[in-house]
Structures are given as structure tokens and as C-alpha cells.
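Structural description and commentary
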Amino acid sequence: MALAFCGDEGNSTAYNVDHGVLNNGCFVDALNVVPHVFLLFITFPILFIGWGSQSSKVHIHHSTWLHFPGHNLRWILTFILLFVLVCEIAEGIVSDGVSDSRHLHLYMPAGMAFLAAITSVVYYHNIETSNFPKLLIALLFYWTLAFITKTIKFVKFCDNGVGFSQLRFCLTGLLVVLYGMLLAVEINVIRVRRYVFFKTPKEVKPPEDLQDLGVRFLQPFVNLLSKGTYWWMNTFIKTAHKKPIDLKTIGKLPIAMRAVTNYIRLNEAFEAQKQNKRSSSPQGSRSIWRALCCAFGRPLLLSSTFRILADLLGFAGPLCISGIVHNVGKGNNTIRPQTKILGVFFISSQEFLSNAYVLAVLLFFALLLQRTFLQASYYVAIETGINLRGAIQTKIYNKIMQLSTSNMSMGEMTAGQICNLVAIDTNQLMWFFFLCPNLWAMPVQIIVGVLLLYYLLGISALIGAAVIIVLAPVQYFVATKLSQAQRSTLEYSNERLKKTNEMLRGIKLLKLYAWEHIFHSSVEETRQKEMTSLKSFALYTSISIFMNAAIPIAAVLITFVVHAHLTTKADFSPSVAFASISLFHILVSPLFLLSSVVRSTVKALVSVQKLSEFLSSEEIGEEHDKSSELRSADNHSKYQAVPLKVVNRKRPAREDWNNYSSHMRRPISITEADDFCVKITNGFFTWTPEGPPALSNIDIRIPQGQLTMIVGQVGCGKSSLLLAILGEMQKISGNIFWSSCTSDSETGEDVSSEKESPIDTEFRKRGSVAYASQKPWLLNATVEENITFESPFNKQRYKAVIDACSLQPDIDILPHGDQTQIGERGINLSGGQRQRISVARALYQQTNVVFLDDPFSALDIHLSDHLMQEGILKMLREDKRTIVLVTHKLQYLPHADWIIAMKDGNIQREGTLKDIQKSETELFEHWKTLMNRQDQELEKETIIERKTVLERTNLRRTMYSREALLKDDEEDEEEVTESDDEDNLSSVLHQRAKMPWRACGKYLSAAGILLLPLLVLSQLLKHTVMVAIDYWLACWTSAAISENTEPELKNCSHGQDFNHSPYSKVFSILCCLGIVLCLVTSIAVEWTGLKVTKKLHSSLLNKIILAPMRFFETTPLGSILNRFSADCNTIDQHIPATLECLSRSTLLCVSALAVISYVTPMFLIALVPLAIMCYFIQKYFRVASRDLQQLDDSTQLPLLSHFSETVEGLTTIRAFRYEAKFRQKLLEYTDSNNIASLFLTAANRWLEVRMGSKMNRKIEGVCTSIVGV
């Protein structure tokens, strides 16, 4: 066949220029080649030769600086341009297929334009990332020339009568619009950046994130193509295969995605809700929902848009397959177009889409876009959920910092409830936001699916759809029961974890008393109750899995039987049948998601309600108008009430104080106030606003720079008085004020007494107070970090504090000295050690005021005396620091500069010891008797202590001699360890790259000899029946088509009435058998899961409870509990369903590949390279995904631990004024967890995009090979 640019030379029309050169179609097409050749000629030398020079590049850490205006619009327009050009190439090839000679001008210019469009976007990307905008002038000329030449072609089409009925006319018009818009984008870049035609170009700087070497999450900064394909993750995935991933590898979050940024956004939304609606409950559920939508609604809307587009593109698959099968059945005969203008044929869009090859290409692009939009929707939704979770966690933490102590002390709110709020409810909201786009996408998917089924099958499609819709309430009922069973399982699981926690915390006592079997039986008893609930959960899960698999089969069966027997002259071709099956499967997907979305919505509503209750709880310093009014209305009240303000925590507005009546204040002179550190007048304090006062008639003053002791009987209110001074109790009436020397220097306020009024002095904001609580509170950190407590390390002072608290002997016996991790709540320390570390923290701080709440309670007399002499008297009092000491050790009263005696919540006496001796003789004599008794105990313990010291000395000598003998051996071991580091690293990398076949084998072997073969056999039989159903449907439709297309070979009456009965009976039997096997497989999977989970938990419990004490001393309690909680929950509820999904997907893929390879052996040629690519993709992904999953889990534990630490040590943190430092730590922990979650999400999307594109190529190859055959 002749090949020429304008066709055969005998074709005079192609070379006719009698009516002008521009009226010749071939010349106009040749003219359209000029801009593309120009661009390729200009840009290729710059891209491949001159790009080695780096002099013009801006040196930033990542070459992802996208700073030209209209960047995303340019990429979108370029993608649309490429698609239109592909259609133009295909239209030229199809329309030229009926000619005797080939007219290259119909598709070669489009091919050159396609190459030029790709070159333009590559050229633009390199210029943008290197910040050399002057080179964009080449693209300005290119878009101008392309727009002009394409406009000339469009005008000539109009002049020659070419209209919208011809596809080439429409494509040319689209290209004119696209080139014009790209030209406008280029002009806008010049207008904004002023790089040409202006004297002073606009200078721009890279964003702060790209200048930070630590920011490695580049999804917000890369171009649109890299965002859609996650191309920037390639380097990260390769690096993960070479070395393990840690927090240093993943770096920091971008500023816009950090927890503090999202918290500010959420807080602004909350403030806007408060201003817009002055309601009695500004933290109500509705206000929270409005704030969440206001703060995070936009990305959720974008995700929903992506999801709807993906679902609509998903319908292209059944339609294209239907068209391909239909056209292949007709032999794919090319329709000869009737329109011939300018010497060439023009085709319509209908003629264009009747070509099977065109449909195969369109199917590939549709599925590619569908996967891209779907993954983009998933990513945006998950990213929004992660940002939302970080913002809510930060808001919860800030609320904890302001939480009233009475909420915790009175049992209204526990640390466990707060941790559940952080760990569970925030994740429920995150997953709700992830599933939220389905709320809008599901109705669209259902409506479009039903309409397409009606278009293909008519009224019978509505019957099949009705089956699915009627069974939807049954699915909802099953989902409700499943949720109830899950809730019941959770209750029993919490009870089991509570008993397990008690058992592990007292494991040493259990082993000493040999009570292991008793507690083992108790846990097993609760586990049996949980297993009963798990059986219900497994039953409803198996029903849900069965219905999801069986409903499409039942709908297809009913639809095809009705369509074949009740519809006269029904189109029962293979194209209609298999397209309908695909549509039914698409239609079931939203109904399957409906139950998940409903459950997630209900959980989110409950979580928001719990969050609302928490955010509405009382804060420290809140005003209780109602209780105050009740008290003020009571004329027989024992005390005078004023609106409650804890004024020492936060400086109130001056106009608020001016509204109080003057008789409610006792005027204090500035001079008097400055003589004392703290002063309380007429103080009444309570723990709850409705309760009676715990402290009454408090009138005390604490001297500055002196030692004040608070003494009294147990329960008289000594600790409460300290907390009242710190502002932790609710103040009913009275005044608290601090002297100027104790004000908080960090606030930056001028607190000089010269500029303050008496009222300001009275309610002055206090500063940091070194506070050691009666119940020691320790961080999950080293001994050194617990003592320094965020303060700069001073070696000399640190050593002095260690000596004063007698901690050196205790530090010497720790495994790593003062660098030993104390552990959760200091469980590996004795009560006295924890008490002394808590006191050492207070001694180490450089604060003017020190509060010590009964620091001798867990110490013997000898240690108490040493701490009193060396720590309190020598380190603190000699340093002129104000000390408030609560104690029962009356022998230390002679050292006190000021004594406060308490009784029954009242001040019994205040003054020096001599004052009390003179005025309260009876009280002094009582004290003297107690002091003599304690002195006698001190003498006895001193004698015992001397003997103990001698024994310790001998023991220490023995230990030192033994250590000297072992020192050389330890050095040799260190050398061996260093030499084996590289081998260990290589072995770790090898283990990371291996599949955990051993763990899989253990799980499956735990199922037993009978269940495992039943599970495998049922799955094989089910998929064999599924293949048989498709095969019999193909035979049925082929026979029906053959009967209808060859009536002349048979009697006329037989030819018109095809007998569907034999085929429909066999089809019905196969479908019913498939439904039964679906039920068997679902039950087998869940039954297997139940047996495995029972056996594994029993084995785990036995191993743990019989483990030696060394295991519990070296393993954190949280890690052990995590095995019984999160891991057991995964084995109980998630692995069985995942196993069913894995086996179903694997067998479905294998059966599909086998059938396709049997029908089309050419497919095997394309399968081999794709299989190799898939192998390497999963090999690299598996290693990175496992590391990221472990990192996600490991970063969540410190976050939850920080919350529990803060709740337990809230009083200490607020006393030290360390709220800001702990908030900063919270932000760091949250960002670390979020960056790991985001990288894991990006890695999953990276895999989905690549595996989806591979499947699209397989589908395209199959369709093309089928057409070719």
C-alpha cells in the first residue's frame, strides 16, 4: 500500500492549490507541524546538553520548588491536551483505514504535537525547579504558534462545511481552546513574575519547608504528576530496602501539616462558633461538628469529588468491554465513512467508538484515571483524618492542662477514660473522615448503575436491582448485630485486660505466693466469656461475608432467568451478559460499604458526644455562678461567698475585679504583702462547687525566704492547703496573693510594685513552684531526666542533690546508673526511691519557692534526717529560698522559722515554736511527747543502720573484686560486639526482606488437621464453580446468538423461539451451588479464626505467666499489654476476614489468569514481564511497609504514655509552670506519629497506583489480543 504524507500522488485533491494554499487540507496539516518542530528543536539542546550548568539553580534541599503561578492548571491542561491528541491520532488512523493509500497528514501532526506536549511539560518542570524563568519565552512562542496554526485549521473546516457531526472538527475546536488557555497561563506567568518585558523582575524565595533539610515528606510540594503517581516515594522505597526506617529517615512534617497548625485552625473554628452562636453549651456536639466541618471540610469536599469521578469512570469498564465483545462478535468490521471533504474521509463519534481497538485504548485510559482519582480520594481523606486527629489530640491535651483537679480526684474522670478518648475516639473520627466521601459517592454509584442496567437489560434489570436493594436492610441488620457483638466483645476484652493488667503489675507477689494458676484461671474465665461474644461476632461476620459474595450471584441469576424467559426478543448476547455481571458487582460495592459507613458514623457520633462532655468539663479557675448564687442566698451560711475565681492561676481582667464590692476585699498594703511570699485571708476552699468546704477560715501568711512547716493529724487538710495555695482547689471566698519576687518571669509582664495597684498586687500571678507531691510522680525517662526535669544540666548541683537525697547507692545498683530508664510509673523502684527522686527534682530546680508534701513518708528515720539536714536546711534554707514543708516528723519543728498547725480543715495555730509554746502550752506538750518518742526511734534505727552499713561495705568489697575479675571479659565481649555490628545489620536487613512464612505457618497449623483442609477445599470449589458459571453463561449466550443469527438453517418456528430452559436450569444449579459454597467458605474462615485465636491466647497467657522475673524487669509493661490488647484484637477480629479476602483475591486472580491464558495464549507474552515487575514492586514495598507500620505503632505508644503521664502529674506540672514545655513535647510526639502514618498512607497509595496500572496494562493487552484474534 502506498505511503505518502498527503496520500497517493494520483489523488489530485490532496495537492490542489487552485483555491489558495490555505484551502488545501494537507498544507494546513503540514503547517500545524511547524510549531512542534520549533519547540523540539529549541528545547532538546537545553534539556540534554546545556542543563549540566548549575550556576542558575537555587540551592535548596529538594528540587520540588513549584513557584510559577498557574502551576496546577498548566499540568491539568497538559493532561487534557495529551488525551485529546491521542484521540486525534486514533481518529486519523481509523478514518484513514478505508483509503487505498495512507495519508500521514491525518495523524502525524497529532503525533508530533503529542511529543511536543510531553517535551513542553518536561521543559517547564526543569525550568521551574531550577528557577530560570527567562527560558520560558520558548514556550510563549510555541503556544502562540500552535494556537494560530490550529485556529487556521479550525476556520478552514468551518469554511468547507465541516460541522459538529464530524469528530475531527470537535477535536480541532478543543485543541484551539486548550492551546489558547495554555497561552493565557504563560502570559499570566510573565505578568506575575515579570521576567521579560519588565525592568525589575519579581524575586521569590523558596518556602521554609524546602529550606529545611529535615522535611522529607514532599507530597504537598511536588508537581501534579508526581502527586498522582507518588513518584517522589521511589527514592524512599529504595532507601528503605537498604537500611531500616526510623524517625530520622522520615524527617519532619511540613509546617502546614503539623499538629500546632491544625490545632490553630481547629481552635479558630471553635472560636468562630462561639461568636456566631452564644449558646449555653458552646462545646456541644453540634458546635463540634460545625467546627470540624469548618476547619477540615474543604479537603473532604475535594476527596468526595475525586471519589465521584473515580466511581463514574469505573462504569467505563463494563461499557467498553460490552462494546469490545459486541464488535469482536461482528468481526470488528470497519465502517466505511460516507463523508469525504478535502480529499479525506471524516468519521463521526459513533463510528469512532465502534472500533474495538479504540475502545481498548479508551478502557486503558479510563481505568488508569479511575485508579488515580480513587487513590487521590483515599489519600486526601486519610491525610485530612490524620490532621484532624492531631488537632483534636492537641485540643484534648490543652483541656487536660486546664482541667479541674476535682474532676480527677472525685472519680468523675479517670486517666483510662482520657486515654481511651485519645487512643480510640480520635481514631474513630479519623476513620469517619476517611469513609465520609462514600456518603456522597454511594448514591451516585447506585443511581448510575441501575440506569445502565436498565439500558442493557430493560425491566428485568430493575428486578435484579430490587433484589439487591431489598436485601440492603438485611445487610444493615447484620451490620447492627455485628456492631453490638463487637461492643459486647470490647466490654469483655476490657475486663480481661483489667485482670491481665492487675496480674502483670503484681506478678512478683503472684510468683512469691505461687498464685499463678489462680490468676490464670481468672483471666481464662473472662476469656471464655469473651469467646462467647466472639462466636456471635464471628457468626455475623460470616453472614456479612456470605451476603456480600452471594447477593451478586442471586441478582444475576434472577435477572438473567427473567430476562431470558419473560422478555420477548431479548438481547441475550455475551456483551450484554458480561457487562451486566460487571455492573451488578459494581452495584453491590456501595451497599457493602453502607454498613461500614453507618457503623463508622454511629461511632463518630458517640465519640463526638464523649468529646463534647470532656470539653465541657470544669476547668481550673472557672466561675460557678449557680453554686455561688445558692450559697449567697443562704442566710445561715457559715461563710461568705463570692463568684469563684482561682485568681492566682491567671491574671483576671481589671474591670472584672472593679465590679466586686469593696467590702468583699480586705485591703492589703503593698509593704505588708511584700513581707511574705504567700498570704491567704478569709479563705474557704472546696473540691466540688456543690460540696461543703474542705478548708475553712484560712488566714495564713508564709514568710519569704524561710522554712515554714505545716503539721497536724492525718486527714486534717495539710496537703489540701498546699493545693489550695497552688490554685488546684475551688475557692469559694477569700483572697490569695503572691509577692512580686515569686511572679512568673516567663510572662514578660512588669510586676514591679511601683506600677501595680493594691488590687493587682493582691491577685498577682504566681511563678514556678518546685513541688514534690505526697504521691511521687515520675516520668517514663531516665533517673537524670526525672531529676533535672527539663532544666539545664549542672553537674555540680546535680551531684549535690544526689548526695543530699542519698540516691548514689541506689543509682550504683541500677543497670545503667542514672541513665537507667525508670519505666512506667517507676515500677522497678521502691517507694522510698521514688519518693527521694521526686524530692531531688524539687531540690534541683532554681525556683524561689519549694513545696514539699510529706517527703519523709516513705523514708526511714536515718534517711529522713539526712535529707532534712543536707537537703532542706543546707541546700534550700541557706540559699534563702521559701520552703513550705508538710510533715509528721515533729522532731524537725525546732528548725522551722514558721509553723502552721492544722486541725479538721482549719488553722489551729500559726507562729514560731516559741509563740506556740507560750500561747498553746497543751499543744506544745503534746508535740514534745511525740518528739521524744521519735528521738528514741531514731537512736534504735541508728544502731541498726551502723550494722547495715558494715554489711553493705563487706558486700560492696565482694562485688568490686568480682567486677575486677569480670572487667577483662566485658572488654573482650565489647570488641566482639563491635565486630559483629555489620553482620547484625545485614541479618536484620535479611529478616526484613523475608516473608514471615513461619508466623503464617504457626497461625494456619493452629487451626488443626480438619479445619485447614476444609478451608482450602471450600475456597477451591467455590472459585471453580464461579469459573463454571462464567463458562456456562458464555455457552448460553453464544448458543442464543447463534440461534438468532442463523434462522435460515432451521425451521422458522424453531429459529424464532430459542429454548432457554436447559441452559437456565444448569445456570440456576451452578448459581445455587456457588451460593452454598460462599456460605461454607465464610463459616470455615470464621470457625478457623475462632479456633486459632483461642489456642494462641491460651498459649500466650501460659508463656507470659510462667516467664521468669527477669523478663518482667527488662520488658516494659506496655509492650506486654500490647500483645494482649492490640495484637489479640487483630487476631480475634481482623485476621479471619483478611485471610478470606486474601484467599479470595488470590484464587480469583489465578483463575482469571488461567482462563485468559487458555482463551488467549498471546497474553502469556505480556504476563511474564508484568509478573517480574510485580515481584520487585511487592519486594520493595513489603520491607518499607513493615518498617512504617512498626514505626506507626511505636510512635503511638510514647504519645499515649505522655497523655497518661500528664494526667497523673497534672498538679506537679502546673505547679512548676511547665505547661508550655509539656505541650511542646506533645506536639513532637503527635507529629512523629502523624509523619509515620502519612508515610505509610503514601506507601500504600504508591503500591495501589503501580499495581493498578499493571492491571490496566494487562486488561488492555487482553482486549487488544482478543480483538487481534
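No experiment lies behind these values; they were computed from the predicted model shown. Every residue gets a number counted from 1 within its own chain, in the order that chain's sequence is written. Owing to the predicted nature of the model, reporting of local features is limited to residues with pLDDT of at least 70; listing and counting of side-chain atom pairs is limited to 80 or more, with chain, interface and lining totals taken over all residues. As a rule here, side-chain values cover all heavy atoms of the structure and leave hydrogens and water aside.

The subject of this paragraph is the overall build of the protein. The helix and strand inventory of the protein stands at 44 helices and 13 strands. Within the protein, the proportion of its 1269 residues that are buried is 49%. Any two residues whose heavy atoms approach within 4.5 Å at even a single point are treated as in contact. Nonlocal contacts in the protein, meaning residues at least 24 apart in sequence, comprise 82% of its contacts between residues at least 6 apart. When the accessible surface of the protein is summed, it comes to about 60900 Å², and 60% of that surface belongs to carbon and sulfur atoms. Only runs of H or I of at least four residues qualify as helices and only runs of E of at least two qualify as strands under DSSP, and these elements are numbered from the N terminus. For the exposure calls, accessible area comes from a 1.4 Å probe over protein chains only, and a residue counts as buried if that area is under 20% of its type's maximum, exposed if over 50%, partly exposed in between. Residue exposure ignores everything except the shown protein chains as possible cover, and the areas themselves are Shrake-Rupley values with a 1.4 Å probe.

This brings us to helix H29 (residues 795-804). Within H29 the residues assigned to the buried category are Arg 797, Tyr 798, Val 801, Ile 802 and Ala 804. Along the long axis of H29, the arc covered by the buried residues comes to 165°, so they all point the same way. Across H29 from its buried face, at more than 90 degrees, point the exposed residues Lys 795, Gln 796 and Lys 799. Turning to H29, the residues buried within the fold contact helix H28 (783-788), helix H30 (808-813), helix H31 (831-844) and helix H32 (861-877). Polar contact is the term for a pair of N or O atoms within 3.5 Å; when the atoms are in protein, one must be able to donate a hydrogen and the other to accept it, and sequence-neighboring residues count only if both atoms are side-chain atoms. Capping the start of H29, Asn 794 holds a side-chain oxygen 3.2 Å from the backbone nitrogen of Gln 796, two or three residues further along. Ser 806 lies just past H29 and shows a positive phi near 55°. Arc definition: it is the arc formed by the directions from the helix axis to the C-beta atoms.

As a further point, take the side chain of Ser 838. You can see Ser 838 is positioned in helix H31. When residues no more than four places from it in sequence are discounted, the contact partners of Ser 838 are Ala 772, Ser 773, Pro 776, Trp 777 and Leu 778.

This part takes up the environment of Ser 768. Its location among the elements puts Ser 768 in the loop between helix H27 (758-762) and strand E9 (769-772). Accessibility expressed as a relative area gives 25% for Ser 768, which makes it partly exposed. Measuring from C-alpha to C-alpha, the distance between Ser 768 and Ala 1215 comes to 6.2 Å, with 447 residues separating the pair along the chain. In contact with Ser 768, not counting residues within four places along its chain, are Thr 847, Val 849, Ala 1215, Phe 1216 and Arg 1217.

This paragraph deals with the packing of aromatic side chains. Working definition: rings of Phe, Tyr and Trp (its six-membered ring) pair if their centres are within 6.5 Å, and the pair is stacked with planes under 30 degrees apart, edge-to-face with planes over 60 apart, and tilted otherwise. Here the structure, examined in full by the defined rule, presents 35 aromatic pairs. With a centroid separation of 6.0 Å and an interplanar angle of 70°, the aromatic rings of Tyr 230 and Tyr 379 are classed as edge-to-face. Placement of Tyr 230 in the loop between helix H8 (224-229) and helix H9 (233-242) and of Tyr 379 in helix H15 (residues 356-401) is noted, with a sequence separation of 149 residues between them. Each member of the pair, Tyr 230 as well as Tyr 379, is classed as buried.

In this section: the sheet that holds strand E12 (residues 898-903). Spatially, the six strands line up as an open sheet ordered E9-E10-E11-E7-E12-E13, and their pairing is mixed. Of all the strands in the sheet, the pair left with one neighbour each is E9 and strand E13 (906-911). Each strand of the sheet is rotated relative to its neighbour by a mean of 15°, with strand direction disregarded. One ladder, built from four bridges, connects E9 with strand E10 (residues 849-853); its direction is parallel. Along E10, the bridge assignment pairs Ala 772 with Leu 852. Between N-to-C directions, angles cover 0 to 180 degrees, with each direction set by a line fitted to C-alpha atoms, over the stretch in contact for helices. Across the sheet, H31 touches E9 and E10, and the angle it forms with E9 is around 170°. Between any two strands, at least two bridges found by DSSP are needed for them to pair.

On to the environment of Ser 1125. With respect to the secondary-structure elements, Ser 1125 resides in helix H41 (residues 1117-1159). Judged by its relative accessible area of 25%, Ser 1125 falls in the partly exposed class. Distance from Ser 1125 to Asn 494, taken between C-alpha atoms, is 8.6 Å for residues 631 residues apart in sequence.

The sheet built from three strands is open, its strands ordered E6-E5-E8 with antiparallel pairing. If you trace the sheet from one side to the other, it starts and ends with strand E6 (695-703) and strand E8 (730-738), each paired once. For this sheet, the mean angle separating the axes of adjacent strands, direction not counted, is 5°. Together, strand E5 (676-686), E6 and E8 form the strand contacts of helix H26 (residues 718-725), whose direction differs from that of E6 by roughly 70°.

Between helix H21 (residues 516-565) and helix H22 (residues 574-615), whose axes approach to 10 Å, the crossing angle comes to 140°. Put simply, H21 runs oblique to H22. H22 is crossed by H21, and the crossing has right-handed handedness. Residues Asn 548, Ile 551, Pro 552, Ala 555, Val 556, Thr 559 and Phe 560 of H21 form the contact with H22, whose participating residues are Ala 577, Ser 580, Ile 581, Phe 584, His 585, Val 588 and Phe 592. Gly is put with the polar residues, along with every residue not named as nonpolar or charged; the nonpolar set is Ala, Val, Leu, Ile, Met, Phe, Trp, Tyr, Cys and Pro, and the charged set is Asp, Glu, Lys and Arg. Tallied by class, the residues present in the contact of H21 with H22 amount to 10 nonpolar, four polar and no charged. Our angle categories are set so that under 35 degrees counts as roughly parallel, over 145 as roughly antiparallel, 65 to 115 as roughly perpendicular, and the remainder as oblique. If you view the pair so one helix is near and one far, a crossing is left-handed when the near helix is turned anticlockwise from the far one by less than a right angle, and right-handed when it is turned clockwise.

Moving on: unusual backbone geometry. We note that Asp 904 has phi near 55°; this positive angle belongs to a residue other than glycine. Take Asp 904: it is sitting in the loop between E12 and E13. A residue is classified by how much of its surface remains accessible, and Asp 904, at 62% relative accessible area, is exposed. Notably, Arg 1217 is not glycine yet its phi reads approximately 60°, a positive angle. By secondary structure assignment, the location of Arg 1217 is in the loop between helix H43 (1210-1216) and helix H44 (1219-1268). For Arg 1217, a relative accessible area of 10% puts it in the buried group.

Time to look at H22. In this analysis, the expected span of each helix is defined as 1.5 Å times one less than the number of residues it contains. Taking 1.5 Å as the rise per residue, H22 with 42 residues should run 62 Å; its terminal C-alpha atoms sit 61 Å apart, in good agreement. Values of bend correspond, residue by residue, to the angle between axes fitted over the seven residues ending at that residue and the seven starting there. The sharpest bend along H22 measures roughly 25° and falls at Leu 594.

Here we take up the pattern of salt bridges. When their charged atoms lie close together, side chains carrying opposite charge are able to pair. Any Lys or Arg side-chain nitrogen found within 4 Å of a carboxyl oxygen on Asp or Glu counts as a salt bridge. Considering all chains together, one arrives at 21 salt bridges under this definition. The residue Asp 897 makes a salt bridge to Arg 877 at a minimum N-O spacing of 3.5 Å. Pair noted here: Asp 897 is in the loop between strand E11 (882-886) and E12 and Arg 877 is in helix H32, with a separation of 20 residues, a long-range link. The class for Asp 897 is partly exposed, based on a relative accessible area of 25%. Taken together, the shared-partner salt bridges in this structure form one network comprising Asp 29, Glu 88, Lys 150 and Lys 153.

As a further point, take the confidence of the model for the protein. Here pLDDT means the predictor's own confidence in every residue, given as a number from 0 to 100. For the protein, mean pLDDT is 78; residues scoring 70 or higher make up 80% of the total. This model gives residues 951-993 a pLDDT under 50, and the stretch forms 20 contacts once residues within four places in sequence are excluded. The low-confidence segment residues 1048-1055, where pLDDT is below 50, has four contacts with residues more than four positions distant or belonging to other chains.

Turning our eyes to something else, we now look at the state of the cysteines. The disulfide criterion is simple: two cysteine sulfur atoms within 2.5 Å. In total, this model carries zero disulfides according to the counting rule given. Its sulfur unpaired, Cys 293 is 7.5 Å from the next cysteine sulfur, which belongs to Cys 436. Classification of Cys 293 as partly exposed rests on a relative accessible area of 48%.

What follows deals with the pairing of E12. E12 sits mainly inside the fold: five of its six residues count as buried. Of the pairings in the sheet, the one linking strand E7 (residues 707-712) to E12 comprises five bridges and is parallel in character. Residue pairing in the sheet places Ile 710 in a bridge with Ile 900 of E12. As judged from the five bridges shared by E12 and E13, these two strands associate in the antiparallel manner. Counted as the bridge partner of Met 902 is Ile 907 from E13. Once E12 ends, the chain turns through two residues before running back antiparallel as E13, passing Asp 904 with a positive phi of about 55°.

What follows is about the packing of H29 against H32. In contact at an axis separation of 8 Å, H29 and H32 are set at 145° when each is read in the N-to-C sense. Touching Arg 797, Ala 800, Val 801, Asp 803 and Ala 804 of H29 are His 866, Leu 867, Glu 870, Gly 871 and Met 875, all from H32. Here the contact of H29 with H32 is composed, by residue class, of five nonpolar, two polar and three charged.

Further remarks concern a nonpolar patch on the surface. Each patch groups residues whose relative accessible area exceeds 30% and which form no salt bridge, using 9 Å between like charges and 5 Å between nonpolar side chains of Val, Leu, Ile, Met, Phe, Trp and Tyr. On the surface, Leu 1014, Val 1076, Leu 1079, Val 1080, Ile 1083 and Trp 1087 cluster together into a nonpolar patch covering about 510 Å² of accessible area. Examining the composition of the nonpolar patch, we find that five residues originate from one element, helix H39 (residues 1061-1105), more than from any other.

To continue, consider the environment of Met 547. Looking at the secondary structure, you find Met 547 in helix H21. Judged by its relative accessible area of 8%, Met 547 falls in the buried class. When the C-alpha positions of Met 547 and Ser 1082 are compared, they lie 9.6 Å apart, and in sequence the two are 535 residues distant. Residues contacting Met 547, with those up to four places away along its chain left out, are Leu 471, Val 474, Gln 475, Val 478 and Pro 552.

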